[in-house]
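Summary of the model geometry
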Amino acid sequence: MIPESHPLQQFFIELVGRHYAEEIGLRDPQIVNYVAHLMAEFCDVEELFRIRNAGGQPLTDVGEMLVESNPVFGPAPSFDRERQVRKHIGDYSLFFTGMFPQGLNKYRLRRTRMESLIDFVKAGKESYYIVSQFDLFEYAQEAPFFGRLSGSFEACIYGLNMVRGELDRRKAIPPVRPGSSGQSTHIM
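Cut-off values and rules
Each chain has its residues counted from 1, running along the sequence as written. Residue-level local features of this predicted model are given only where pLDDT is at least 70; pairs of side-chain atoms are given and counted only at 80 or more, and the full residue set underlies all totals for whole chains, interfaces and linings. Hydrogens and waters are ignored; side-chain quantities use all the structure's heavy atoms. Think of it this way: any DSSP run of H or I at least four residues long counts as a helix, any run of E at least two long counts as a strand, and we number them from the N terminus. Buried, partly exposed and exposed residues are distinguished by accessible area as a fraction of the type maximum, computed with a 1.4 Å probe on protein chains only: under 20%, between the cut-offs, and over 50%, respectively. We get accessible surface area from the Shrake-Rupley algorithm with a probe of 1.4 Å; when it comes to residues, only the shown protein chains can shield them. Aromatic pairs are defined between Phe, Tyr and Trp rings, using the six-membered ring for Trp, whenever the two ring centres lie within 6.5 Å; interplanar angles under 30 degrees are classed as stacked, those over 60 as edge-to-face, and all others as tilted. Counted as salt bridges are all cases of a side-chain nitrogen of Lys or Arg within 4 Å of a carboxyl oxygen of Asp or Glu. Here, axes are lines fitted to C-alpha atoms. For helices the fit covers the stretch in contact, and angles between N-to-C directions go from 0 to 180 degrees. By the definition adopted for this analysis, an angle is roughly parallel if under 35 degrees, roughly antiparallel if over 145, roughly perpendicular if from 65 to 115, and oblique otherwise. What makes a crossing left-handed is the near helix being turned counterclockwise from the far one by less than a right angle; a clockwise turn instead makes it right-handed. Contact criterion: two residues are considered in contact whenever any of their non-hydrogen atoms come within 4.5 Å of each other. Under the grouping applied here, Gly and all other residues not named as nonpolar or charged are polar, the nonpolar ones being Ala, Val, Leu, Ile, Met, Phe, Trp, Tyr, Cys and Pro and the charged ones Asp, Glu, Lys and Arg. Nonpolar cores are built from buried Ala, Val, Leu, Ile, Met, Phe, Trp, Tyr and Cys residues. Side-chain atoms within 4.5 Å join them into one set. Residues adjacent in sequence count toward polar contacts only when both atoms are side-chain atoms; beyond that, a polar contact is any pair of N or O atoms within 3.5 Å, and within protein one must be able to donate a hydrogen and the other to accept it.

1. What to know about the overall build of the protein chain
- Broken down by element type, the protein chain carries nine helices and zero strands.
- Reading the helices (α) and strands (β) of the protein chain from amino to carboxyl end gives α-α-α-α-α-α-α-α-α.
- When each of the 188 residues of the protein chain is scored for burial, the buried share is 42%.
- Accessible surface, the protein chain as shown: approximately 10,400 Å² in total, 58% of it carbon and sulfur.

2. A word on the packing of aromatic side chains
- Per the stated rule, a full pass over the model turns up 13 aromatic pairs.
- Look at tyrosine 92 and phenylalanine 96: their rings are 4.8 Å apart centre to centre, the planes differ by 55°, and that puts the pair in the tilted class. Remark: phenylalanine 96 and tyrosine 92 occur in helix H5 (residues 79-99); sequence separation between them is four residues, near one turn of the helix.
- In this structure phenylalanine 96 comes out as buried when scored by relative accessible area, which is 12%.
- Ring pairs connect the aromatic residues Phe42, Phe49, Tyr92, Phe95, Phe96 and Phe100, which therefore count as one cluster.

3. Digging into the pattern of salt bridges
- Scanning all chains against the criterion turns up 12 salt bridges.
- The salt bridge involving glutamate 68 is made with arginine 81; its shortest N-O contact spans 3.0 Å. You can see glutamate 68 sitting in helix H4 (residues 62-68) and its partner arginine 81 sitting in helix H5, a full 13 residues away along the chain.
- Judged by relative accessible area, glutamate 68 falls into the buried class, the value being 8%.
- In this structure, arginine 170 engages glutamate 166 in a salt bridge whose closest nitrogen and oxygen atoms are separated by 2.8 Å. One end of the pair, arginine 170, and the other, glutamate 166, are both in helix H9 (residues 153-172), four residues apart, so they sit about a helical turn from each other.

4. Notes on unusual backbone geometry
- Non-glycine residue phenylalanine 137 carries a positive phi angle of around 50°.
- Within the secondary structure, phenylalanine 137 sits in the loop between helix H7 (117-132) and helix H8 (143-151).

5. With respect to the packing of H7 against H9
- At a minimum axis distance of 10 Å, the contact between H7 and H9 shows a crossing angle of 125°. Considering the angle they form, H7 stands oblique to H9. For H7 against H9, the interelement crossing comes out right-handed. Residues Val121, Gly124, Lys125 and Tyr128 of H7 form the contact with H9, whose own contacting residues are Phe153, Glu154 and Ile157.
- Of the residues assigned to the contact of H7 with H9, the class counts are four nonpolar, one polar and two charged.

6. Here we look at the packing of H5 against H9
- Between H5 and H9, the least distance of the axes is 7 Å, while the angle of their chain directions is 50°. One finds that H5 runs oblique with respect to H9. H5 and H9 meet at a crossing whose hand is right-handed. Taking contact as the criterion, the partners of Gly90, Ser93, Leu94, Thr97, Gly98 and Met99 in H5 are, on H9, Phe153, Cys156, Ile157, Leu160, Asn161, Val163, Arg164 and Leu167.
- Each residue belonging to the contact of H5 with H9 can be placed in one class, and the counts come to eight nonpolar, five polar and one charged.

7. Things to note about the nonpolar core
- Counting residues in each nonpolar core, the largest one holds 41 residues, and the members touching the most others are Tyr20, Leu94 and Leu160.
- In terms of residues, this core owes the most to one element, helix H2 (residues 29-41), which gives eight residues.
- Contacts of leucine 94, omitting those with residues within four sequence positions, involve Val35, Leu38, Met99, Tyr128, Phe153, Cys156, Ile157 and Leu160.

8. Considering the environment of valine 131
- Secondary-structure assignment places valine 131 in helix H7.
- Sequence-wise, valine 131 and alanine 143 are 12 residues apart; in three dimensions their C-alpha atoms are separated by 6.8 Å.
- Excluding its chain neighbours within four sequence positions, the residues that come into contact with valine 131 are Arg83, Arg86, Lys87 and Phe146.

9. With respect to the side chain of arginine 81
- Judged by its relative accessible area of 16%, arginine 81 is buried.
- At 3.0 Å, the side chain of arginine 81 and the side chain of glutamate 68 are in polar contact.
- Sequence-distant contacts of arginine 81, that is, excluding residues within four places in its chain, are made with Ile51, Arg52, Glu68 and Ala76.

As structure tokens, then:
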């Protein structure tokens, strides 16, 4: 887990917060913090692929994750496991559709048993909605948040597309050496 005070976490809070407020008018600090934290956490590939099957293999396929989440007809041993996997499906779908929509080509979609980007979005949005329905006991306080996140899913994707655009633009700007007169100088 990356602590709140980590510079990467602060960077994503500022970036996500600005784009969500300016580009889509989403000023929910809880959603901004959650998405920024998700961005920082998913910088670690182990977090991105943390859901594993019974054999210990990481699941990279949303279709397999959906099967894994089913406590009645699938291998999920409990409703807690269903919630854990569904939350990850929402996170995974939000991250990929927001940051790497071009990576969801026909091959990847077919491999994940999805027909289109729309199906990928639906799986993520529906998963957050299902998480929001776990509104008892230890999940009661955070359930409404996941309902809001489900309801704002497409807007969050668009906001992350704007974040990705800014990150791409920042990469294209040559860095300036500290202490220089402002002239653009590449650091080797």
